[in-house]
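Analysis of the macromolecular model
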Amino acid sequence: MVFVWLTAFFLLIALIVLVIYQLMCLADLEFDYINPYDSSLRINKVVIPEFVLQGVLCLLFLLSGHWLMFLFCVPNLYYNVRLYRQRQHLVDVTEIFNQLNGEKKRRLLKLINLVVLLFLSLFWMIWSVLEDDE
């Protein structure tokens with residue numbers, strides 16, 4: 001059981017790092033430290049790995065029987081799948097300045113969701129370690 005929580009912890013850390021990286025690229029673009037092409041290229045490189053990691057995390061919770069954590073994970077996964085199916089998952093170079101505030105808000109909401117999942121995962125990991133000791 002501890003293995004599942006430890007794996008979830010590292011997956012969540014990787015997801016948080018990817019989302020923070022995207023937010024930093026958007027902030028650099030907003031303050032004109034980077035041009036739109038480079039910012040879009042950097043963000044688009046990490047979008048698919050983020051989606052895959054989110055899917056693996058949800059699958060891990062589903063297969064291990066942690067239904068509550070799976071239910072917390074599903075909205076983010078659904079949003080990612082919807083973006084991918086509508087082909088809106090990549091940042092457009094020509095529209096990035098017009099969509100800057102919306103993109104930052106979406107990634108901040110993802111970050112908040114992931115941080116809540118991280119704290120819940122830490123709680124359950126500590127709980128399962130203490131339970132195994134008894």
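In this text, all values refer to a predicted model and were calculated from it rather than measured experimentally. (Residues numbered from 1 in each chain as written. Predicted model: local features only at pLDDT ≥ 70, side-chain atom pairs only at ≥ 80, totals over all residues. Heavy atoms only, no water.)

1. A short note on the overall build of the chain
Definition in use: By the criteria applied, helices consist of DSSP H or I runs no shorter than four residues and strands consist of E runs no shorter than two, each listed in order from the N terminus. The contact criterion used throughout is that any non-hydrogen atoms of two residues lie within 4.5 Å. Methods summary: accessible areas were calculated by the Shrake-Rupley approach with a probe of 1.4 Å, and residue burial reflects only the protein chains presented.
Within the chain, the secondary structure is distributed over 4 helices and 0 strands. When the helices and strands of the chain are listed from N to C terminus, the series reads α-α-α-α. Once the C-alpha set of the chain is aligned to its principal axes, its extents read approximately 60 × 30 × 20 Å. Sequence-distant contacts in the chain: of pairs separated by 6 or more residues, those separated by 24 or more amount to 79%. For the chain, the accessible area works out to roughly 8,300 Å², and carbon and sulfur atoms hold 68% of it.

2. Remarks on the side chain of Gln-22
Its location among the elements puts Gln-22 in helix 1 (residues 2-30). Other than its neighbours up to four places away in sequence, Gln-22 contacts Ile-43, Val-46, Val-47, Glu-50 and Arg-107.

3. Examining the packing of helix 1 against helix 2 (residues 36-64)
Cut-off, in case you're wondering: Only the stretch in contact is used when a helix axis is fitted, and all axes are lines through C-alpha atoms; the angle between N-to-C directions ranges over 0 to 180 degrees. Any angle between 65 and 115 degrees counts as roughly perpendicular, while under 35 counts as roughly parallel, over 145 as roughly antiparallel, and the rest as oblique. Crossing handedness follows the turn of the near helix against the far one: under a right angle anticlockwise gives a left-handed crossing, and clockwise gives a right-handed one. In this count, Pro and Cys sit with the nonpolar residues alongside Ala, Val, Leu, Ile, Met, Phe, Trp and Tyr, while Asp, Glu, Lys and Arg are called charged and the others, Gly among them, polar.
Relative to each other, helix 1 and helix 2 sit at 160 degrees, their axes nearing to 9 Å. Considering their axes alone, helix 1 and helix 2 lie roughly antiparallel with respect to each other. Pair helix 1 / helix 2 crosses with left-handed handedness. Grouping the constituent residues of the contact of helix 1 with helix 2 by class yields 23 nonpolar, 5 polar and 2 charged.

4. Some words on the pattern of salt bridges
Formally: Here a salt bridge means any side-chain nitrogen of Lys or Arg lying within 4 Å of a carboxyl oxygen belonging to Asp or Glu.
Taken as a whole, this structure holds 4 salt bridges when the rule is applied. With its nearest N and O atoms 2.5 Å apart, the salt bridge here joins Lys-104 to Glu-30. Placement of Lys-104 in helix 4 (residues 100-133) and of Glu-30 in helix 1 is noted, with a sequence separation of 74 residues between them. The structure contains a network of salt bridges with shared partners spanning Glu-103, Arg-106 and Arg-107.

5. Considering the UniProt feature "transmembrane region" (unreviewed entry) in the chain
The condition that has to hold: UniProt positions are given in the numbering used here, feature names are shortened, and annotations may be inferred rather than shown by experiment.
The positions that UniProt labels "transmembrane region" (unreviewed entry) are, in the present scheme, residues 51-79 and 111-130. With 93% helix and 0% strand, residues 51-79 has its two end C-alpha atoms placed 10 Å apart. Across residues 111-130, helical content stands at 100% and strand content at 0%; the span's end C-alpha atoms are separated by 28 Å.

6. A short note on unusual backbone geometry
Basically, it comes down to this: With a 1.4 Å probe rolled over the protein chains alone, any residue whose accessible area is under 20% of its type maximum counts as buried; one over 50% counts as exposed, and the rest are partly exposed.
Positive phi is not limited to glycine here, since Asp-32 has a value of about 65 degrees. Within the secondary structure, Asp-32 sits in the loop between helix 1 and helix 2. A relative accessible area of 62% places Asp-32 in the exposed class. The residue Arg-87 is not glycine, and still its phi comes out positive at about 55 degrees. Checked against the element boundaries, Arg-87 lands in the loop between helix 3 (67-85) and helix 4.

7. A short note on the layout of surface pockets
Quick reminder of the rule: Grid points spaced at 1 Å and placed over the protein atoms alone form the basis of the search, with a cavity being a set where a 1.4 Å probe fits but cannot get out and a pocket an open set showing protein on both sides within 12 Å along at least five of seven lines. Lining residues have an atom within 4 Å of a point. Grid points are joined across faces, edges and corners, and a volume is the space filled by probe spheres set on the points.
Here the largest pocket defines a volume of roughly 260 Å³. Considering the residues around the largest pocket, the lining is formed by 16 residues, among which Tyr-79, Leu-83, Gln-88, Glu-103 and Arg-106 are closest to the centre. Going through the elements one at a time, helix 2, helix 3 and helix 4 are the ones with two or more residues in the lining of the largest pocket. Of the residues forming the lining of the largest pocket, the biggest block, 4 residues, is contributed by helix 4. Looking at the lining of the largest pocket residue by residue, the classes come out as 6 nonpolar, 3 polar and 7 charged.

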